[in-house]
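Topology and contacts: notes
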Amino acid sequence: MTSFPFPNPAAHSPRTVLILGARGRLGLAAARAFAQAGWQVLAQVRPASNGAGGTALPAIPGVWWMPVAVNETAALSAQAQGAQVVVHALNPPYTDQAWRTQAPALMEAAIAVTRQLGATLMLPGNVYNFGEAMPAVLREDTPQAATGTKGRLRVQLEQRLHAATQDGSLRAVVLRAGDFFGSGAGGLLDQVIAKRLPQGRVTLPGPAHVATPWAYLPDLARTFVRVAEQRQHLSAFDTLHFAGHQATGQQWVQALAAVAATQGWLPPAGALRVSTTPWPLLQLAGLLVPMLQAVTSMRYLWCTPHRLDNTRLTALIGDEPHTPFDTAVRQALADLGWARAAPAQVAAA
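The structure reproduced in this document is the subject of the present report. Bear in mind that the values here come from a model prediction, so they are computed numbers and not experimental data. Counting restarts for each chain: residues are numbered from 1 in the order of the written sequence. Totals for whole chains, interfaces and linings use every residue, but because this is a predicted model, local features are given only for residues with pLDDT of at least 70 and side-chain atom pairs only at 80 or more, for both listing and counting. Calculation of side-chain values draws on the structure's entire complement of heavy atoms; hydrogens and water are dropped beforehand.

Each aromatic pair joins two rings of Phe, Tyr and Trp (for Trp, the six-membered one) with centres within 6.5 Å, and gets the label stacked for planes under 30 degrees apart, edge-to-face for over 60, and tilted for any other angle. Taken as a whole, this structure holds 10 aromatic pairs when the rule is applied. Here Trp214 and Trp252 contribute two aromatic rings whose centre-to-centre distance is 4.9 Å and whose plane-to-plane angle is 65 degrees, an arrangement assigned as edge-to-face. A residue pair is termed long-range when its members are at least 10 positions apart, and Trp214 in strand E10 (residues 211–216) and Trp252 in helix H7 (residues 249–263) qualify at 38 residues. Members of the aromatic cluster, joined through ring pairs, are Phe181, Trp214, Tyr216, Trp252 and Phe325. Geometry around Tyr94 places Lys150 over its ring, the cationic atom sitting 4.3 Å from the centre. Only DSSP runs of H or I with at least four residues qualify as helices, and only runs of E with at least two residues qualify as strands; both kinds are numbered from the N terminus onward. As a reminder, the over-ring test applies to NZ of lysine and CZ of arginine, requiring each to be within 6 Å of the ring centre and within 35 degrees of the ring normal.

Take a look at the structure:
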């Protein structure tokens, strides 16, 4: 593990990024992507995440781990002096109560340190803002009609970020994407869709024919890098949409079946057993388990066809980084330790 605070790599690098929440899935993917692109990476983690008595932090060339609480603005900004970009990769637990109490505070902490650095704050957005009546194509100027606690909070957080840029003390960009997969555990892929893949079973969260956007995290992380490198062409506050993979449930089944075949997981009949998420049962269980209540409130996301239009993004950076879907799925399962990794393949663009 590369230690910090001495020496300060930002003092010697023209391109330095501070990643808040660098131990999470997006944060770690972003740390790797920025480092691979030649940036110096200051990777903030909770002090308890410094490897003592827990999971060791990975040694990544170009990444300096910073065990500093995110709300310690003075200490964090002092150690991150010279960073031109801040990535907000912090996330509260996936319950409505945690989001209500923690998400605004995390946003304020990110704004405070970015303002101290005079940097650009990059926020990963999602489609919660558009609500259950969202149209089939989502553009940056699509009206936002959020429904539910998380949707309304996402709108409020982005509005707060927009307001924070008005005095010129920081700049900000929201990079909106669909459901995350890849780069470890903690997503719909491992918790629902492929949870029983070794037993030859797949569980779809919505109808098999409905196409929705999915963001393979290594591709999204590389997109963060590309946007950061073109940030001077953006407004003080801007929003961009990442298209990612537009995949149906049937496409997930096909990609997972290919992995299952190579792993020897297919049932004797030669095809995966496919079921759908038992939403009524989960909704009932949600009366006792807050996380399940939060998940069931987002059911519409996988039952409503929609896609993110990336026209503005590609005008800025060129083609999106894009790993073929089958390759991305196999690698995502390999990251979980469930399958052999896909053959080395360079993502397009």
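Once you've had a look at it, read on.
Now for a positive patch on the surface. Patches here are clusters of residues that have more than 30% relative accessible area and form no salt bridge, with a 9 Å joining cutoff for like charges and a 5 Å cutoff for nonpolar side chains (Val, Leu, Ile, Met, Phe, Trp, Tyr). Only the protein chains shown count as cover for residues, and the accessible areas themselves come from Shrake-Rupley with a 1.4 Å probe. Salt bridge, as used here: a side-chain nitrogen of Lys or Arg that lies within 4 Å of a carboxyl oxygen of Asp or Glu. Under this rule, positive means Lys or Arg and negative means Asp or Glu; His and the chain ends count for nothing. Here the site of a charge means NZ on Lys, CZ on Arg, CG on Asp, or CD on Glu. On the surface, Lys195, Arg196, Arg201 and Arg273 cluster together into a positively charged patch. The residue Arg273 is located in strand E13 (residues 273–276) in this model. Here the term buried applies to any residue with accessible area under 20% of the maximum for its type, exposed to any over 50%, and partly exposed to those in between, with areas from a 1.4 Å probe on protein chains only. Looking at Arg273, the relative accessible area reads 37%, which means it is partly exposed.

Buried Ala, Val, Leu, Ile, Met, Phe, Trp, Tyr and Cys residues form a nonpolar core when they are joined through side-chain atoms within 4.5 Å. Ranked by size, the top nonpolar core spans 40 residues in total, and within it Ile19, Phe34, Trp65, Val87, Leu220 and Val227 carry the most contacts. Listed by contribution, the elements that provide at least two residues to this core are strand E1 (16–20), helix H1 (25–36), strand E2 (40–45), strand E3 (63–67), strand E4 (85–88), strand E7 (171–176), helix H6 (217–229) and helix H10 (311–317). Contacts are residue-level and defined by heavy atoms, with any inter-residue pair within 4.5 Å sufficient. If we skip the residues at most four places from it in the chain, Val87 touches Val17, Leu18, Ile19, Leu20, Phe34, Met122 and Phe224. Of all hydrophobic cores here, the second largest spans 39 residues; its members include Tyr128, Met134, Leu197 and Trp265.

This part covers the packing of H1 against H6. Two numbers describe a pair of packed helices, the interaxial angle and the distance between the axes. Here, axes are lines fitted to C-alpha atoms. For helices the fit covers the stretch in contact, and angles between N-to-C directions go from 0 to 180 degrees. Two numbers describe how H1 lies on H6: the axes approach to 8 Å, and their chain directions differ by 55 degrees. Overall, the two elements H1 and H6 adopt an arrangement that is oblique. Here H1 and H6 pass one another in a crossing that is right-handed. Contacts between H1 and H6 involve Arg25, Leu26, Ala29, Ala30, Ala33 and Phe34 from the former and Leu217, Leu220, Ala221, Arg222, Phe224, Val225 and Ala228 from the latter. Relative orientations are named as follows: roughly parallel for angles under 35 degrees, roughly antiparallel for angles over 145 degrees, roughly perpendicular for angles from 65 to 115 degrees, and oblique for any other angle. Definitions for this section: a left-handed crossing has its near helix turned counterclockwise from the far helix by less than a right angle. A right-handed crossing has that turn clockwise.

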